[in-house]
Amino acid sequence: MILFPDLPSNCLTMLTEVSKNMCFGGWQKVFSHESSELSCSMRFAVYLPPQSESGPRPALFYLSGLTCTEQNFITKAGAQQYAAKHGLIVVAPDTSPRGIGVPGEDDSYDLGTGAGFYVDATREPWAKNYRMHSYITKELMKLVQENFPVKPGAIGITGHSMGGHGALICALRNPGLYRSVSAFSPICNPSACPWGQKAFTAYFGESASADWEAHDATKLAAGYAGPELELLIDQGEADEFLEKGQLLPERLVNACSGNARLKTRLRMQKDYDHSYFFIASFIGDHIEHHAKALLA
Ligand SMILES: N[C@@H](CCC(=O)N[C@@H](CS)C(=O)NCC(=O)O)C(=O)O
């Protein structure tokens, strides 16, 4: 257990180490902590590459998709070998608050538990706990910087599906916070797809509103005025959710084409589906994309 004496006692932050495994010369760890944003206990994974033993390193946040915990990415994507090669710290949070007891939170895989959508809900009964946007961009960001050897300002973000949407909106809503961004099969226009419409209706209210627009990468892209970003996006052509109109990558590409600050590199990958087999196939390219920007 790690205590932080520099914090006032009323916001004492404690990390409990849940697991620790040597992997490619670094440490794959999982921690739990009491989250003040989400008012519950949360777990997150951190990969500490061998280079972090001798000095600060850039950090890459990876946001997972629907139904995931902090485990899916660290056990299935094979990212550690690339993180070790480039010396990147990789942080993989959980996807929602857990065990809150909001009515309906466990009724379906795409709302509530495992489906926080990386937004701060404004509607009851979700508003008190479902604050994943602030959790990722503020609370966990601070916690990671205070507890691990993170190179100041060298933070990137990526994610898959709902987490790809999360990575895009975290970067586009918080200009300058993340120096690099990428995504695997992201939900690019949640206001216009069934997954997003269901979640936004619950978290923000019935009809499309400013809140919907402010958490939709395609809408945000048009107005983005921050530092230049190159968005690397990989999308499997055989992804069932692409066919079902859940992901809509072409809409994001169109929106970015009107904004000189945003360059998109959308790579359509023949025969790849939505699974972690796809992520494992291209995670090396994504880590290289982030390493280039974060080590420059
Ligand atoms: N269970 C859902 C799909 C959920 C799903 O595909 N989740 C993706 C992210 S959107 C995932 O990463 N699942 C966990 C895994 O593959 O390890 C369904 O059957 O339609």
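What counts and how
Residues numbered from 1 in each chain as written. Predicted model: local features only at pLDDT ≥ 70, side-chain atom pairs only at ≥ 80, totals over all residues. Heavy atoms only, no water. Helix = DSSP H or I, 4+ residues; strand = E, 2+ residues; numbered from the N terminus. Rg over C-alpha atoms; globule rule 2.2 N^0.38 Å. Buried < 20%, exposed > 50% of the residue type's maximum accessible area, 1.4 Å probe, protein only. Contact = heavy atoms within 4.5 Å. Areas by Shrake-Rupley, 256 points an atom, 1.4 Å probe, with all protein chains shown as cover. Lys, Arg positive; Asp, Glu negative; His and termini not counted. Charge placed at Lys NZ, Arg CZ, Asp CG, Glu CD. Near = heavy atom within 4 Å. Polar contact = N/O pair within 3.5 Å; in protein donor to acceptor, adjacent residues only side chain to side chain. Nonpolar A, V, L, I, M, F, W, Y, C, P; charged D, E, K, R; others polar. pLDDT = per-residue confidence, 0-100. Salt bridge = Lys/Arg side-chain N within 4 Å of Asp/Glu carboxyl O. Arc of directions from axis to C-beta. UniProt positions renumbered as here; feature names shortened; annotations may be inferred.

J.: Looking at this model, I keep getting lost on the overall build of the chain. Mind explaining?
T.: Check the secondary structure of the chain and you find ten helices and ten strands. The C-alpha radius of gyration computed for the chain amounts to 18 Å, which stays within 12% of the reference 19 Å derived for 296 residues, consistent with globular compactness. Along the longest, intermediate and shortest principal axes, the C-alpha atoms of the chain span 45 × 40 × 35 Å. Burial statistics for the chain: of 296 residues in total, 58% are counted as buried. Taking the intrachain contacts of the chain between residues at least 6 apart in sequence as the baseline, contacts between residues at least 24 apart amount to 71%. Total accessible area on the chain is roughly 11,900 Å²; 52% of this is exposed by carbon and sulfur atoms. Where the 25 positive side-chain charges of the chain centre and where its 31 negative ones centre are 6 Å apart.

J.: Would you take a moment to explain the site of the ligand for this structure?
T.: As a structural note, the neighbourhood of the ligand is formed by Gly65, Leu66, Thr67, Cys68, Asn72, Lys76, Tyr109, His160, Ser161, Phe241, His274 and Tyr276. For the ligand, a nitrogen atom lies 3.0 Å from a polar atom in the backbone of Leu66. Separating an oxygen atom of the ligand from a side-chain N or O atom of Lys76 is a distance of 2.6 Å. Burial of the ligand by the protein chains amounts to 71% of its free accessible area of 500 Å². Taken together, the residues that form the shell around the ligand break down as five nonpolar, six polar and one charged.

J.: Looking at this structure, how should I read the side chain of Ser185?
T.: Examined against the element boundaries, Ser185 turns out to sit in the loop between strand 8 (180-184) and helix 5 (194-204). Residue Ser185 is classed as buried on the basis of its relative accessible area of 0%.

J.: How do you make sense of the confidence of the model for the chain when you look at a structure like this?
T.: Parts of the model with low pLDDT should not have their predicted coordinates read in detail. On average, the chain scores 95 in pLDDT, and the residues at 70 or more come to 96%. Here residues 1-12 is a poorly scored stretch, pLDDT under 50, and it has 19 contacts once near neighbours within four places are set aside; other chains count.

J.: Looking at this model, I keep getting lost on the pattern of salt bridges. Mind explaining?
T.: A full pass over the atoms with the stated rule returns twelve salt bridges. Two residues, Asp120 and Arg131, come together in a salt bridge whose shortest N-O distance is 3.8 Å. Taken together, the residues span a long stretch of sequence, with Asp120 in the loop between strand 6 (89-93) and helix 3 (132-147) and Arg131 in the loop between strand 6 and helix 3 at a distance of eleven residues. Overall, Asp120 belongs to the buried group, its relative accessible area being 17%.

J.: Looking at this model, I keep getting lost on helix 9 (residues 249-257). Mind explaining?
T.: Every α-helix carries 3.6 residues per turn, so stepping three or four residues along brings you back to the same face. Within helix 9 the residues assigned to the buried category are Pro249, Leu252, Ala255 and Cys256. All buried residues of helix 9 project into a common sector of 125 degrees when viewed along the axis, lining one side. Opposite the buried face of helix 9, by more than 90 degrees, sit the exposed residues Asn254 and Ser257. In this fold, the buried residues of helix 9 make contact with helix 4 (162-173), helix 7 (217-223), strand 9 (229-236), helix 8 (240-243) and strand 10 (262-269).

J.: So what exactly am I meant to see when it comes to the UniProt feature "active site" (unreviewed entry) in the chain here?
T.: UniProt tags Ser161, Asp239 and His274 as "active site" (unreviewed entry). Spanning 114 residues, the named residues nonetheless gather at one spot, since no C-alpha pair among them exceeds 10.8 Å. Following the sequence through the fold, Asp239 ends up in the loop between strand 9 and helix 8. The class for Asp239 is buried, based on a relative accessible area of 0%.

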